[in-house]
Amino acid sequence: MNEPDTLQRRAVAISGAGTGIGQVAAVRFAALDWLVAIGGCRVDRLAETKAMIEDAGGTCLAMELDVAEGVSVDRFFDAVEAEFGTVTAVINNAATARYGPLQEFSPEDIGLEIGTKLTGSLLMAARGIRGMLRAEVGGDVVFVTSAAAVWPWVEHLPYAAANAGVEHAARILRLELEGTGMRSGVLRVGETLGTEFANRGMELGVMPNELWFRRGLLRHHGLMTPENVADAMVAMVSLPPGYQYEVVSVMPTAPVGGIPTSFKEWQEGFLKLFSA
């Protein structure tokens, strides 16, 4: 096995790359001359990402992908390897979520969130590792998670549990991969404007922001952009051989000024920021 050669052109596979963080990350990798493979359930959005990359002179392969189904994951990697060669960076970004108390989630709701984030991340990581082992090359597996993995993010429970499971899986995998030249890292992401389900939640008005404010989960108006997260993602897989980032926790800073002391203040400030 060889260490990852971060100076050579590499192939990266990104799940959930049709929108938000995944889309921005795909464009960012392509701008750095990586071979970019993107997968997701919404082929129309994948086509948008692919067009953005190719219009800028990059190389992209887009395929429909259900990360929770092993057959779909195998089909995705087989096609990418045939086109680009061995994938040496796997970005587990796919996720979905809704909001509400646990008793209001159907078995299908829970299964979807766990399947997309936890099962999907494990299937993608396993297939990527098998490819690197066959090629006897090192590489990176990045698990994109949420701050909900470590904070008690109420009315977000299945998603939070799935992310917590992913983080523990990444810790175990890091030990399993010792001596292979492969690295396993967690990219934990705080409040970010522009993710698919966050946008949907705000549009529908179903996010329990007042509850989150009262529980101390929303303390200020600071928000990140997908570009901020993509910067951290690229940094993780671009490290020279010999060391790694085990957990990169990217969180927004509070805007300069007073911190809101009531939900009304928080809401007014947030609406002003969002409208801008």
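What counts as what
- Residues numbered from 1 in each chain as written.
- Predicted model: local features only at pLDDT ≥ 70, side-chain atom pairs only at ≥ 80, totals over all residues.
- Heavy atoms only, no water.
- Helix = DSSP H or I, 4+ residues; strand = E, 2+ residues; numbered from the N terminus.
- Expected span 1.5 Å × (residues − 1).
- Buried < 20%, exposed > 50% of the residue type's maximum accessible area, 1.4 Å probe, protein only.
- Contact = heavy atoms within 4.5 Å.
- Phe/Tyr/Trp six-rings, centres within 6.5 Å; stacked < 30°, edge-to-face > 60°.
- Pairing = 2+ DSSP bridges.
- Core = buried A, V, L, I, M, F, W, Y, C linked by side-chain atoms within 4.5 Å.
- 1 Å grid on protein atoms, 1.4 Å probe; cavity = no way out; pocket = protein on both sides within 12 Å on 5 of 7 lines; lining within 4 Å.
- Points joined across faces, edges and corners; volume = space filled by probe spheres on them.
- Arc of directions from axis to C-beta.
- Axes fitted to C-alpha atoms, helices over the stretch in contact; angles between N-to-C directions.
- Left-handed = near helix turned anticlockwise from the far one by under 90°.
- Nonpolar A, V, L, I, M, F, W, Y, C, P; charged D, E, K, R; others polar.

**As for helix H1 (residues 20-31)**
Moving on, step 1. Taking 1.5 Å of rise per residue, twelve residues should cover 16 Å, and H1 covers 17 Å from first to last C-alpha, within 8% of that figure.
Moving on, step 2. By the criterion of burial, H1 is predominantly enclosed, with nine of the twelve residues buried.
Moving on, step 3. Where H1 is buried, its residues contact strand S1 (11-15), strand S2 (35-40), helix H2 (43-55), strand S6 (182-189) and helix H8 (226-237).
Moving on, step 4. Of the residues one or two after H1, Asp 33 is the one with positive phi, at around 75°.

**Here's the deal with the packing of aromatic side chains**
Moving on, step 1. Applying the stated criterion across every chain yields a total of seven aromatic pairs.
Moving on, step 2. With a centroid separation of 5.9 Å and an interplanar angle of 15°, the aromatic rings of Trp 151 and Trp 153 are classed as stacked.
Moving on, step 3. Ring centres 5.7 Å apart and planes at 70° place the aromatic pair Trp 153 and Trp 212 in the edge-to-face group. Of this pair, Trp 153 sits in the loop between strand S5 (139-146) and helix H5 (157-176) while Trp 212 sits in helix H7 (residues 209-214); the two residues are 59 residues apart in sequence, bridging distant segments of the chain.
Moving on, step 4. For Trp 153, a relative accessible area of 10% gives the class buried.
Moving on, step 5. The class for Trp 212 is buried, based on a relative accessible area of 3%.

**A short note on the pairing of S5**
Moving on, step 1. Burial analysis of S5 places eight of its eight residues in the buried class, which makes it a mostly covered element.
Moving on, step 2. Where burial is concerned, the two faces of S5 agree: the one with Gly 139, Val 141, Phe 143 and Thr 145 and the one with Asp 140, Val 142, Val 144 and Ser 146 are both buried.
Moving on, step 3. Note that strand S4 (residues 87-92) and S5 share four bridges and pair parallel. Counted as the bridge partner of Ala 89 is Asp 140 from S5.

**Details of the nonpolar core**
Across soluble globular proteins, you tend to see nonpolar side chains buried next to one another.
Moving on, step 1. Core analysis: the biggest nonpolar cluster contains 31 residues, and Val 12, Ile 14, Phe 29, Val 36, Ile 91, Leu 187 and Met 233 have the highest contact counts within it.
Moving on, step 2. Here this core gets seven residues from one element, more than from any other, and that element is H8.
Moving on, step 3. Ranked by size, the runner-up nonpolar core spans 17 residues in total, among them Ala 13, Val 67, Phe 76 and Met 124.

**Considering the environment of Thr 88**
Moving on, step 1. Assignment of secondary structure puts Thr 88 in strand S4.
Moving on, step 2. With relative accessibility at 12%, the residue Thr 88 sits in the buried group.
Moving on, step 3. The spatial distance from the C-alpha of Thr 88 to the C-alpha of Phe 270 is 40 Å, given a sequence separation of 182 residues.
Moving on, step 4. Apart from the residues within four sequence positions on either side, Thr 88 is in contact with Arg 10, Ala 11, Met 132, Val 137, Gly 138, Gly 139 and Asp 140.

**What about empty space enclosed by the protein?**
Moving on, step 1. A full pass over the atoms with the stated rule returns one cavity of 30 Å³ or more.
Moving on, step 2. Estimated volume of the largest cavity: approximately 60 Å³.
Moving on, step 3. Lining the largest cavity are Asp 140, Val 141, Val 142, Arg 183, Ser 184, Gly 185, Met 236, Val 237, Leu 239, Gln 244 and Tyr 245.
Moving on, step 4. Contributions of two or more residues to the lining of the largest cavity are made by S5, S6 and H8.

**Overview of the environment of Phe 84**
Moving on, step 1. The topology assignment puts Phe 84 in helix H3 (residues 70-84).
Moving on, step 2. Here the alpha-carbon distance between Phe 84 and Val 12, two residues 72 residues apart in the chain, equals 9.3 Å.
Moving on, step 3. Beyond its immediate sequence surroundings of up to four residues, Phe 84 is in contact with Ala 11, Leu 35, Val 36, Ala 37, Thr 59, Cys 60 and Leu 61.

**Observations regarding H3**
Moving on, step 1. End to end, H3 covers 21 Å across 15 residues, agreeing with the expected 21 Å (1.5 Å per residue, within 8%).
Moving on, step 2. Buried within H3 we find Ser 72, Val 73, Phe 76, Phe 77, Val 80 and Phe 84. For H3, the angular spread of the buried residues around the axis is 125°, confining them to a single face. Opposite the buried face of H3, at more than 90 degrees from it, the exposed residues are Val 71 and Ala 82.

**Side note on the packing of H3 against helix H4 (residues 107-135)**
Moving on, step 1. Here H3 crosses H4 at 35°, and the two axes come no closer than 10 Å. The way H3 lies across H4 gives a crossing that is right-handed. Of H4, the residues touching H3 (which contributes Gly 70, Val 73, Asp 74, Phe 76, Phe 77, Asp 78 and Glu 81) are Leu 123, Met 124, Arg 127, Gly 128, Arg 130, Gly 131 and Arg 134.
Moving on, step 2. Residues belonging to the contact of H3 with H4 are distributed by class as follows: five nonpolar, three polar and six charged.

**Some points on the sheet that holds S1**
Moving on, step 1. Strand order in the open sheet made by the seven strands is S3-S2-S1-S4-S5-S6-S7, with parallel pairing throughout. Where the open sheet ends on each side, the last strands, each with one partner, are strand S3 (59-64) and strand S7 (247-250). Taking each pair of neighbouring strands and ignoring which way they run, the sheet shows an average axis angle of 15°.
Moving on, step 2. Relative to S4, S1 runs parallel, the two sharing four bridges. Bridge pairing in S4 links Ile 14 to Ile 91.
Moving on, step 3. Most of the contacts of H1 go to S1, to which it runs at about 170°, and overall it touches S1, S2 and S6.
Moving on, step 4. Across the face of the sheet, H2 comes into contact with S2 and S3 while running at roughly 175° to S3.

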